[in-house]
Amino acid sequence: MMRTALMLEIHGVKSYKSNNIVPEMHLTHNNYGPSTLAFWPIIKKCVTVRGDAKLIQYPAYQLEAVANNFYVYSVYGENNRHVNLLKKLNLIESNSVSKDLYEVLNYQKKIKALDQVKVLGIWQKQSFKNIKELGFFEFIELSDSNLYHKQNERLQKLELLEIKSNSKIYRIEKEPFGWSFKLDSNGDLSLIDDENEVLIFYTKYTSN
């Protein structure tokens, strides 16, 4: 991702030919939310240079990468959401994507150096409401006393937004869509969008 960003920063937008799908592959095969956001200005430039019709299934394919990395949720087929989600992502501006990616890398290294204190809950990876996937994600506490969302060994800090009588509302640090997680006192977890609509109830993970 850094090499691609540097190529654009050094050689300019003309270096992005119409058949160059490398930036999209970087975005969709990266599995860490902050890196995905840092790289988004590159996707915006690809749209400018190549036109959205020449990008792979734009914007559904690209939005899918962002949603899954942050929320373990698929926006596939939810075309009614795409315009609003894309509008929020396109607010991201940067002329130094390579530097932004480097800072994200260092931040992740700093977090990974912390010790795990306890696990608050483990849930099945379940991007679609009725389809369970292989693997799981966790909410954990680290030695800095902060809570983190852990998926594929990637750690993203959780911010407590609200405490209710039987639940707590968390958002992932720097998440782009205004969505949040509702963690009930019994360990049930759901994802809520920016209009307070429940998008999905996650199933508790069992190793059996």
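Residues numbered from 1 in each chain as written. Predicted model: local features only at pLDDT ≥ 70, side-chain atom pairs only at ≥ 80, totals over all residues. Heavy atoms only, no water.

Caption draft 1: Quick peek at the pairing of strand E2 (residues 136-142). Taken across its seven residues, E2 has six buried, putting it largely inside the fold. Here strand E1 (residues 116-124) pairs with E2 via seven bridges, running antiparallel. The residue of E2 that forms the bridge with Gly121 is Phe139. Across five bridges, E2 lies against strand E3 (residues 147-151) in antiparallel orientation. Note on E3: the bridge partner recorded for Glu141 is Leu147. The antiparallel hairpin formed by E2 and E3 contains four residues in its connecting segment, where Ser145 sits at a positive phi of about 70°. (Buried < 20%, exposed > 50% of the residue type's maximum accessible area, 1.4 Å probe, protein only. Helix = DSSP H or I, 4+ residues; strand = E, 2+ residues; numbered from the N terminus. Pairing = 2+ DSSP bridges.)

Caption draft 2: Structural detail: the packing of helix H4 (residues 60-71) against helix H5 (residues 79-89). Where H4 meets H5, the closest approach of the two axes is 11 Å, and the angle between their N-to-C directions is 70°. For the element pair H4 / H5, the angle class is roughly perpendicular. Two packed elements cross with a definite hand, and for H4 against H5 that hand is left-handed. Of the residues in H5, those touching H4 at Ala60, Leu63 and Val66 are His82, Leu85, Leu86 and Leu89. (Axes fitted to C-alpha atoms, helices over the stretch in contact; angles between N-to-C directions. Parallel < 35°, antiparallel > 145°, perpendicular 65-115°, else oblique. Left-handed = near helix turned anticlockwise from the far one by under 90°. Contact = heavy atoms within 4.5 Å.)

Nothing here speaks to function; it is geometry throughout.
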